[in-house]
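Topology and contacts: notes
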Amino acid sequence: QVQLVESGGGLVQPGGSLRRSCAASGNIFSINVLGWYRRAPGKQRELVASISYIGNTEYKDSVKGRFTISRDNADKNTVSLQMNSLTPEDTAVYYCNLKQDIPYRGVAEYWGQGTQVTVSS
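Everything numeric in this text was worked out from a predicted model, so none of it was measured.

Rules of the game
Residues numbered from 1 in each chain as written. Predicted model: local features only at pLDDT ≥ 70, side-chain atom pairs only at ≥ 80, totals over all residues. Heavy atoms only, no water. Disulfide = S-S within 2.5 Å. Helix = DSSP H or I, 4+ residues; strand = E, 2+ residues; numbered from the N terminus. Buried < 20%, exposed > 50% of the residue type's maximum accessible area, 1.4 Å probe, protein only. Core = buried A, V, L, I, M, F, W, Y, C linked by side-chain atoms within 4.5 Å. Contact = heavy atoms within 4.5 Å. Pairing = 2+ DSSP bridges. Axes fitted to C-alpha atoms, helices over the stretch in contact; angles between N-to-C directions. pLDDT = per-residue confidence, 0-100.

1. Describing the state of the cysteines
Taken as a whole and assessed by the stated rule, the structure comprises one disulfide. Between the sulfur atoms of Cys-22 and its disulfide partner Cys-96 the distance amounts to 2.0 Å. The chirality of the disulfide connecting Cys-22 with Cys-96 is left-handed, given an S-S dihedral of about -85 degrees. Residue Cys-22 is found in strand β3 (residues 18-26), and its partner Cys-96 is found in strand β9 (residues 92-102); the two are separated by 74 residues along the sequence. For the pair Cys-22 and Cys-96, a shared accessibility class is recorded, and that class is buried.

2. Section: the nonpolar core
Grouped together as the largest cluster of nonpolar side chains are 25 residues, with contacts concentrated most on Trp-36, Val-48, Phe-67, Val-79, Leu-81, Met-83 and Tyr-94. Looking at this core, the elements that each hand over two or more residues are β1 (2-8), β3, β4 (32-39), β5 (46-52), β7 (67-71), β8 (78-83), β9 and β11 (115-119). For this core, the element with the highest residue contribution is β9, accounting for four residues. Aside from chain neighbours lying at most four places away, what touches Met-83 is Gly-16, Ser-17, Leu-18, Arg-20, Arg-66, Phe-67, Tyr-94 and Val-117.

3. Overview of the sheet that holds β8
Reading across from one edge, β1-β3-β8-β7 is the order of the four strands in this open sheet, with antiparallel pairing throughout. Edge positions in the sheet fall to β1 and β7, since each has one partner strand and no second. Put simply, the sheet's adjacent strands are angled 15 degrees from each other on average, direction ignored. Direction of pairing for β1 relative to β3: antiparallel, over a ladder of seven bridges.

4. Describing the side chain of Asp-90
Checked against the element boundaries, Asp-90 lands in the loop between β8 and β9. Among residues more than four places away in sequence, those in contact with Asp-90 are Arg-38, Arg-66, Phe-67, Ser-85, Val-117 and Val-119.

5. Notes on the environment of Gly-106
With respect to the helices and strands, the residue Gly-106 is situated in strand β10 (residues 106-111). Residues in contact with Gly-106, not counting those within four places in the same chain, are Gln-100 and Asp-101.

6. Considering the confidence of the model for the protein chain
Mean pLDDT over the protein chain stands at 95; residues scoring 70 or higher make up 100%. Strand β2 (residues 10-12) is the least confidently modelled element of the protein chain, averaging 93 in pLDDT, while strand β6 (residues 57-59) averages 98, the highest of any element.

7. Details of unusual backbone geometry
Here Ser-85, not a glycine, exhibits a phi torsion of approximately 50 degrees, which is positive. Tracing the backbone shows Ser-85 in the loop between β8 and β9. Phi is positive for Tyr-104, which is not a glycine, with a value near 70 degrees. Residue position: Tyr-104 is located in the loop between β9 and β10. The exposure class assigned to Tyr-104 is exposed, which follows from its relative accessible area of 88%.

8. With respect to the pairing of β10
Here β9 pairs with β10 via six bridges, running antiparallel. Across the sheet, residue Asn-97 finds its bridge partner in β10, namely Trp-111. Between the end of β9 and the start of β10, which pair antiparallel, lie three residues, with Tyr-104 showing a positive phi angle near 70 degrees.

Below you can see the structure in the form of structure tokens.
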């Protein structure tokens, strides 16, 4: 069993910053990717950023230079998303995601509960 517990998020003015964190617990295997997705009203869920178990990162083009994803040095199963220079277009429900390679079973995927991030004046 795997649990993803998210924290952070909320309401912020345009140009402001927020930090989201996600702690994964349970049966976590070493080969994994932690990431953040978001779903804006009327749109499909999309990848915002991800980080592999060896630290390779990937970002959606529109957040490059503004968002930073990182793993906690003490607990590699905790991932954070620092969001700077937020715009109203970043308003969405943000979800933590874990993909992991389970030996002899293949890739499994898990989701956090999702938290609203609203950028508005």
